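# Structural features, examined
Listed below are the residues making up each chain.
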Amino acid sequence: MENHIHPTVFKISGKQRKERLKQQPKLIWFTGLSGSGKSTLANAVEVQLFEDGYMTYLLDGDNIRTGLNKDLGFSDSDRIENIRRIAEVSKLMMDAGLLVVSAFISPFREEREMIAELVGKENFLEVFVDCPIEVCEQRDVKGLYAKARKGIIKNFTGIDSPYEKPLDPAVHVHSDQEELKDSVQKVIKTISANICH
Ligand SMILES: Nc1ncnc2c1ncn2[C@@H]1O[C@H](COP(=O)(O)OS(=O)(=O)O)[C@@H](OP(=O)(O)O)[C@H]1O
Ligand SMILES: Nc1ncnc2c1ncn2[C@@H]1O[C@H](COP(=O)(O)OP(=O)(O)O)[C@@H](O)[C@H]1O
């Protein structure tokens, strides 16, 4: 069906923007259960990259869900729409030349594959923040697991909503066994070979 939309051709290209910033835009995507350590690790990775002189931006579940995606809940279809929008925002930020660090549960393998397709597989780095649900539940940083167990929160990931583990992540972090700084180094080492322009 014709949609009568005619995208504008920009005078400044993504290539020109990335040449100005002297860096290769990447999307570093953290996935894992609630409380696995995505936000903690994503923040630490962004700090390291920023201190190393790169232009970065951090997208994080709770922040996006109180703004751009505040109309979405936690049904499967809302999670799919949540990730679709974040993937598109990440792509825009990459076009602006940035290293984008995104931390979302993103529980479905198909959606994570969609993100890689959208931004280009060579520029997508999937980081699996692996942590047994028992440990996440013990941490219960926000008290959400306790509420989910009581049935106050429905469709909670790992309890009554699925999490599909990555099969072949670029980086696999075990946040219950590794020091934060070692996980940060693993991520930085994997991307540092190809982020300089
Ligand atoms: N039902 C349910 N299941 C999972 N998580 C819940 C739920 N309700 C609220 N929260 C809070 O929302 C944060 C996850 O949002 P995301 O956008 O990352 O989720 S998703 O990717 O769309 O699945 C998640 O943040 P993190 O703990 O940082 O993962 C929770 O704080
Ligand atoms: N090695 C580790 N990596 C990341 N977080 C860790 C680690 N060890 C303990 N933690 C703690 O686990 C909690 C993870 O919470 P958070 O980063 O908000 O997870 P998520 O964003 O996945 O919900 C934090 O309190 C953090 O200090």
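A short tour of the structure in this document, coming up. Here the structure is a predicted model, which means the values were calculated and not measured. Here the residue numbering is sequential within each chain, running from 1 through the sequence in written order. Labels follow written order: the first chain is A, the first ligand is 1, and so on. At least 70 in pLDDT is required for a residue's local features to be given in this predicted model, at least 80 for side-chain atom pairs to be given and counted, and no such filter applies to totals for whole chains, interfaces and linings, which use all residues. Note that the side-chain values use all heavy atoms of the structure and ignore hydrogens as well as water.

### Some thoughts on the site of ligand 2
Worth spelling out the cut-off: Near is defined per residue: the residue qualifies when any heavy atom it owns lies within 4 Å of the molecule or strand. Definition of a polar contact: a pair of N or O atoms within 3.5 Å, with one able to donate and the other able to accept a hydrogen when the atoms are protein atoms, and with sequence-neighbouring residues admitted only if both atoms are side-chain atoms. Here the open area of atoms and residues is found with the Shrake-Rupley method and a 1.4 Å probe, where only the protein chains shown may cover a residue. Using a grid of 1 Å spacing that covers the protein atoms alone, one calls a set of points a cavity when a 1.4 Å probe fits there but cannot get out, and a pocket when the set is open and has protein on both sides within 12 Å along at least five of seven lines; lining residues are those with an atom within 4 Å of a point. Whether a molecule sits in a cavity or pocket is decided by its atoms, more than half of which must lie within 2 Å of the grid points. Note on conventions: DSSP H or I runs of at least 4 residues are helices, E runs of at least 2 residues are strands, and numbering of each starts at the N terminus. Under the convention adopted here, Pro, Cys and the residues Ala, Val, Leu, Ile, Met, Phe, Trp and Tyr are nonpolar, Asp, Glu, Lys and Arg are charged, and Gly plus all remaining residues are polar.
The environment of ligand 2 is made up of 13 residues, and the closest members are Gly35, Lys38, Ser39, Thr40 and Glu178. The contact in question runs from an oxygen atom of ligand 2 to an N or O atom on the backbone of Leu33, over 3.4 Å. A distance of 3.0 Å separates an oxygen atom of ligand 2 from a polar backbone atom of Gly37. Contact with the protein chains covers 75% of the free accessible surface of ligand 2, which is 570 Å². More than half of the atoms of ligand 2 fall within 2 Å of the grid points belonging to the largest pocket. With three residues, the top contributor of residues to the shell around ligand 2 is helix 2 (residues 38-51). Grouping the constituent residues of the shell around ligand 2 by class yields three nonpolar, seven polar and three charged.

### A few points about the packing of helix 4 (residues 76-95) against helix 5 (residues 109-119)
Definition in use: Convention adopted: a line fitted to C-alpha atoms gives each axis, helices being fitted over their contacting stretch, and angles between N-to-C directions are expressed from 0 to 180 degrees. Each angle receives one of four descriptions, namely roughly parallel if under 35 degrees, roughly antiparallel if over 145, roughly perpendicular if within 65 to 115, and oblique otherwise. Definitions for this section: a left-handed crossing has its near helix turned counterclockwise from the far helix by less than a right angle. A right-handed crossing has that turn clockwise. Whether two residues are in contact is decided by their heavy atoms: any pair within 4.5 Å suffices.
Packing of helix 4 against helix 5 brings their axes to within 10 Å, and their N-to-C directions diverge by 20°. The orientation of helix 4 with respect to helix 5, classified from their angle, is roughly parallel. Crossing hand, helix 4 versus helix 5: right-handed. Judged by residue contacts, Ile80, Ile83, Arg84, Ala87, Glu88, Lys91 and Met94 of helix 4 engage Glu111, Met114, Ile115, Leu118 and Val119 from helix 5. Class assignment for the residues of the contact of helix 4 with helix 5 results in eight nonpolar, no polar and four charged.

### Thoughts on the site of ligand 1
If you check the shell around ligand 1, you find 20 residues, and the closest are Ser34, Arg65, Arg79, Asn82 and Ser106. Here an oxygen atom of ligand 1 sits 2.9 Å away from a polar atom, N or O, in the main chain of Ile105. Within the complex, the protein chains bury 93% of what would otherwise be the 630 Å² of accessible surface of ligand 1. In this structure, ligand 1 is accommodated by the largest pocket.

### As for the environment of Val89
Mapping Val89 onto the fold places it in helix 4. Through-space distance from the C-alpha of Val89 to that of Pro162 is 25 Å; in sequence the pair is 73 residues apart. What Val89 contacts, discounting residues up to four positions off in sequence, is Leu59 and Leu68.

### Some details on helix 2
Which entries qualify depends on this criterion: The length a helix should cover is 1.5 Å for every residue beyond the first. Classification of residues uses two cut-offs on accessible area relative to the type maximum, computed with a 1.4 Å probe and protein chains only: under 20% is buried, over 50% is exposed, and between them is partly exposed. Each C-beta atom gives one direction from the helix axis, and the arc is the one those directions make.
If you check helix 2, its first and last C-alpha atoms are 20 Å apart, about what 14 residues at 1.5 Å a residue would give, namely 20 Å. If you check which residues of helix 2 are buried, you get Lys38, Leu41, Ala42, Val45, Glu46 and Leu49. Summarising the axial view, the buried residues of helix 2 lie within an arc of 135°, below the 170-degree limit, and thus occupy one face. What points out from helix 2, more than 90 degrees from its buried face, is the exposed set Phe50 and Glu51. Packing partners of the buried residues in helix 2 comprise strand 1 (26-31), strand 2 (56-60), strand 3 (99-103), strand 4 (124-130), strand 5 (171-174) and helix 8 (180-192). Directly beyond the C-terminal end of helix 2, a positive phi value near 100° is found at Gly53.

On their own, these measurements won't tell you what the molecule is for.
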